[in-house]
Amino acid sequence: MLKVSNTEEIVFTPELITKFNEIVARYPEGKQKSALLPILHLAQAEYGWVSTPVMDKVAEFLDLKPIEVYEVATFYTMFFLKPQGKYVLEVCRTGPCCLVGAEKIMKYIEQKLEVKEGEVTPDGLFSWRGVECLAACGMGPVLQIGPEYTFYENLTEAKVDELIDGLRLKTAEKAQII
Amino acid sequence: MGRKLLLENINVPGINTFDVYRQKGGYRAVEKVLKGMSPEDVVEEVKKSGLRGRGGAGFPTGMKWSFLAKPEGKPRYLVCNGDESEPGTFKDRYLMTYIPHLLIEGMIVSSFALGANTSYIYVRGEMMPQIRILEKAIAEARNAGFLGKNILGSGYDLELYVQPGGGAYICGEETALIESLEGKRGNPRIKPPFPAISGLYNCPTVVNNVESIAATVPIINDGGDEYAKLGIGRSTGTKLISASGNLNKPGVYEIELGVPVEEFIYSDEYCGGIANGKRLKAVVAGGSSVPILPANLILKTLNGENRLMSYESLADGGFASGTMLGSGGFVAFDEDQCIVRNTWNYARFYHHESCGQCSPCREGTGWMEKVLHRLEYGHGKLSDIDLLVDVSKKIEGNTICPLGDAAAWPVASAIRHFRDEFEWHVSRPEEAMDRNYGLAHYADPLPKPEAVAAN
Amino acid sequence: MSDKVKVTIDGISIDVEPGTSILNAARQIGGDIVPPAMCYYSKLQGSGGKCRTCLVKVSKGSEKDPRPMPKLVASCRTTVMDGMEVQNITSPEVVEARKGVVELLLINHPLDCPICDQAGECHLQDLSYEHGSEATRYEFDRRTFDKIDIGDKIQLHMTRCILCYRCVFTADQITDNRVHGILGRGDAAEISTYIEKAVDNDFSGNVIDVCPVGALTDKTFRFKNRVWFTKPVDAHRDCPKCSGKVALWYKGEDVIRVTARKDVYGEVEEFICNDCRFEHKKTSDWVIEGPRKISPHSVISANHYERLTPPSVVRKNPALLESNKEQFERVTKL
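Residues numbered from 1 in each chain as written. Chains lettered and ligands numbered in written order. Predicted model: local features only at pLDDT ≥ 70, side-chain atom pairs only at ≥ 80, totals over all residues. Heavy atoms only, no water.

## Observations concerning the domain arrangement of chain B
All names here are of chain B.
Argument step 1. You can read the domains of chain B as domain 1 (18-229), domain 2 (232-334) and domain 3 (339-437).
Argument step 2. Summarising the inter-unit geometry, the C-alpha centres of domain 2 and domain 3 are found 23 Å apart.
Argument step 3. At the interface, 16 residues of domain 2 touch 13 residues of domain 3.
Argument step 4. Between domain 2 and domain 3 lies a buried interface of about 1200 Å² when both sides are counted; carbon and sulfur atoms form 66% of it.
Argument step 5. One salt bridge in this structure joins Lys281 and Glu421, with 2.9 Å as the shortest N-O distance.
Argument step 6. The interface formed by domain 2 and domain 3 holds five residue pairs in polar contact (both at pLDDT 80 or more) in total.
Argument step 7. Those elements that place two or more of their residues in the side of domain 2 that touches domain 3 are strand E9 (280-284), strand E10 (292-294), helix H14 (318-321) and strand E11 (329-334). (Domains from an automatic or database assignment. Contact = heavy atoms within 4.5 Å. Buried area = accessible area lost by both parts, 1.4 Å probe. Salt bridge = Lys/Arg side-chain N within 4 Å of Asp/Glu carboxyl O. Polar contact = N/O pair within 3.5 Å; in protein donor to acceptor, adjacent residues only side chain to side chain. Helix = DSSP H or I, 4+ residues; strand = E, 2+ residues; numbered from the N terminus.)

If you want it as structure tokens, here you go:
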């Protein structure tokens, strides 16, 4: 149960609205609710998570009751209902990946980031969580990072180091340029 | 080398692009159906091919197509099920990544056969890269005149869209997928009515797996009869097998149905044996839902015959000593793997993925997970083992959709075949935390059929 | 009518309209062979199929296709075919499956009947009494939820919910604005408004009546009394919003609760508005019709209209006085 603390006014950019409209056009007249999942993905990519004001705005755009959007957003695991790190490392925790060491990789990530599953690092850069089968069992252990769900396979501790250090460096470099 | 139909050109550089795919004979099937076949002809070819649904259920695709209602004035839909989420299965990801045009071509052929003018490819949201690949492929096909209005001057129109899921295994169930495509929670519908009568937007709809749709391309190119010559018995054609776990060469393999399981595991053409020189303990042959079998039973049937990679041979012996081909998710366990831990892991998966709509699955999956967790972590009781079997029976067959069965089977089968390992976790909890039970007798030569029957 | 179809349930045949569900055919027969229904509600479109308590065995599909159905089916959502034969209480398989469903429905139920306002008219209570076992095999913490305030009239007690979806259908079909729904997934799914919001419109109170358990109860009746100490009386008033036909629940001379009138399957006869339900709790607001017939098996029928010296509310009303006399004579005759 969330108390509405985040009451900021959400305004979708014209670019986003154009994309939304393109999506709605894929479905027959009056079936715009079909656009809900793709639009929530876009909204999450834009804002990092789907807050209540974002969902309300999506509901308004698609002419739905807000509760219809909440029902859907809470059903699917890909939608974040609270703020996350800039990079969310989602590690597959299901059987086949565990046969080849996914549990160790998750422990290693926990150690390296020094935050528990679901928590955000103090610098706001990372959070991580175990997710169910990502359908890449032959390349396990695997992890993905949204919003484009870039895939990292055959993970080892060294590869995790490389990935996390690389992302840290990238952010630091960007900060310098600015 | 076995014959390849889907992955024949998979190693051709640039096969993911329209131009190269076309040079290699791609979109011939579209030309063939649009220029000289009626939709009924196409359905007939697919029926003749004996193609069975590659998503897991193995229902004959041609028959499914022929059930589609064709009321006047209502559109019909083809929806491709790319929600691949069954643990152990990753063939559709492979196909969509490396040879997306095969799926697009199959969609055009199948949509034409069903009289659909708008079709959707529902891909799980986590496969965003594959969604981008497909969107690009669709744009290429459209530019080349294979999609849109009046395709190749035939008068046939088709629009094709990719729809992302949101992270829910249950959306692989066809009616849950339809609900999800309608922008709702992925709750499976109560059947009847079946999608063939009332599916997407209450219109007649066919939902087919990615691989099934792709398989229509070689079926049209070579003819259904040619396709049916491949394979064995009622398991016709080729099948993509996703091989994972403790194998030397995990990956996606296209096999002609009927390859012996032993050959599939140990030959260099396929998985190249068990990794790190270890021995095989168990196999889940068709995705996490199907019963797990110990090494001896997966290699040979109770009658001592070689088990083959086919719908019938894997099912030989029923659930007592057999399993299912399912979606072709082949997971191999080496001697160091713990069956109890794996069963708990699978139970957690189904608990996490239950939609929560019907009570046996919503409550039962969580209960099983908790009991298995307790067993794995050394707090179990001997009675827990029978309790698990009983709870699995209370779920199996009593739910709205097959997820209940899918959650019950792995637990029931693990206890059926590995009961002593479960008991060991109870009787030696401290030891079980330190080491694994090992191979025990699971790779032993088969017991005589009578002996098993007496158990 | 010749186009009726014949269905046989536990050996009893009946001709019903085509399109009738097995459950409704069984209700037309009546008696013990009627499967229990926790989620199906005949007045709510799309309801049913979820709780699985009404599972039955179809031993013969139809005259045309006599093959039995491979699995047990939800009788509320399976249409009868001509010549169909169904087994409910005559099938050990069905009885066993139902027992399983009841056990599963109960593993996470708080069993707080002693402090639950629904006790006495709770379908889960009846169901467990008939099909459950006295002990549980579940040894883990039961699921709990954070308490959610959905307004000053309706109390939501999510831990008791069995996710029948009836209240969601009610809000969709009876009210003009649904603000609550099913959130989350699997066994974490819950009835909620997501953000703190009152479920409040002219017909929202009906979610209380359709709830088979004590998940949604009347806040104005909360902890006031046990239902079996109260006396239901049919009454009506001219209401601009609804039919105005209600049941008043008396304690002494006070109306302490107003509900819709429920039939023998616990379904309301007509939905009523919040005005009638929450705002009219004086006898003078209503025209009293007479005592509400309660099944003699119900705990509510205990200690009712069978006293030599009836409570004052009965004494003051000729209709109630008459029926008290009737009932008293019937009881004392035995």
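## Regarding the confidence of the model for chain A
Argument step 1. Predicted confidence across chain A gives a mean pLDDT of 92, with 95% of residues reaching 70 or more.
Argument step 2. Taken as a whole, residues 1-5 of chain A scores under 50 in pLDDT and shows 13 contacts with residues more than four places along the chain or in a different chain. (pLDDT = per-residue confidence, 0-100.)

## Thoughts on the domain arrangement of chain A
Argument step 1. Annotation of chain A at the domain level lists domain 1 (14-75) and domain 2 (87-177).
Argument step 2. For domain 1 of chain A and domain 2 of chain A, the distance between their C-alpha centroids amounts to 28 Å.

## Remarks on the interface of chain A and chain C
Argument step 1. Across the contact, 16 residues belong to chain A and 17 residues belong to chain C.
Argument step 2. Summed over both partners, the interface of chain A with chain C comes to about 1500 Å²; 59% of that surface belongs to carbon and sulfur atoms.
Argument step 3. Summed over the shared surface of chain A and chain C, the result is two salt bridges.
Argument step 4. For Asp172 of chain C, the salt bridge goes to Lys65 of chain A, with nearest N and O atoms at 3.8 Å.

## Considering the UniProt feature "binding site: [2Fe-2S] cluster" (unreviewed entry) in chain A
Argument step 1. In the numbering adopted here, UniProt assigns the feature "binding site: [2Fe-2S] cluster" (unreviewed entry) to Cys92, Cys97, Cys133 and Cys137 of chain A. The named residues occupy 46 residues along the chain; their greatest pairwise C-alpha distance, 9.0 Å, places them in one compact cluster.
Argument step 2. Along the chain, the position of Cys133 of chain A falls in the loop between strand E2 (126-131) and strand E3 (143-145).
Argument step 3. Its relative accessible area of 3% is what places Cys133 of chain A among the buried residues.
Argument step 4. Setting aside chain neighbours within four positions, we find Cys133 of chain A in contact with Cys92 and Thr94 of chain A together with Ser85, Glu86, Pro87, Gly88, Arg124 and Phe349 of chain B.
Argument step 5. The topology assignment puts Cys137 of chain A in the loop between E2 and E3.
Argument step 6. We classify Cys137 of chain A as buried; its relative accessible area is 5%.
Argument step 7. Not counting residues up to four positions away in its chain, the partners in contact with Cys137 of chain A are Pro96 of chain A together with Pro87, Gly88, Thr89, Phe90 and Ser244 of chain B. (UniProt positions renumbered as here; feature names shortened; annotations may be inferred. Buried < 20%, exposed > 50% of the residue type's maximum accessible area, 1.4 Å probe, protein only.)

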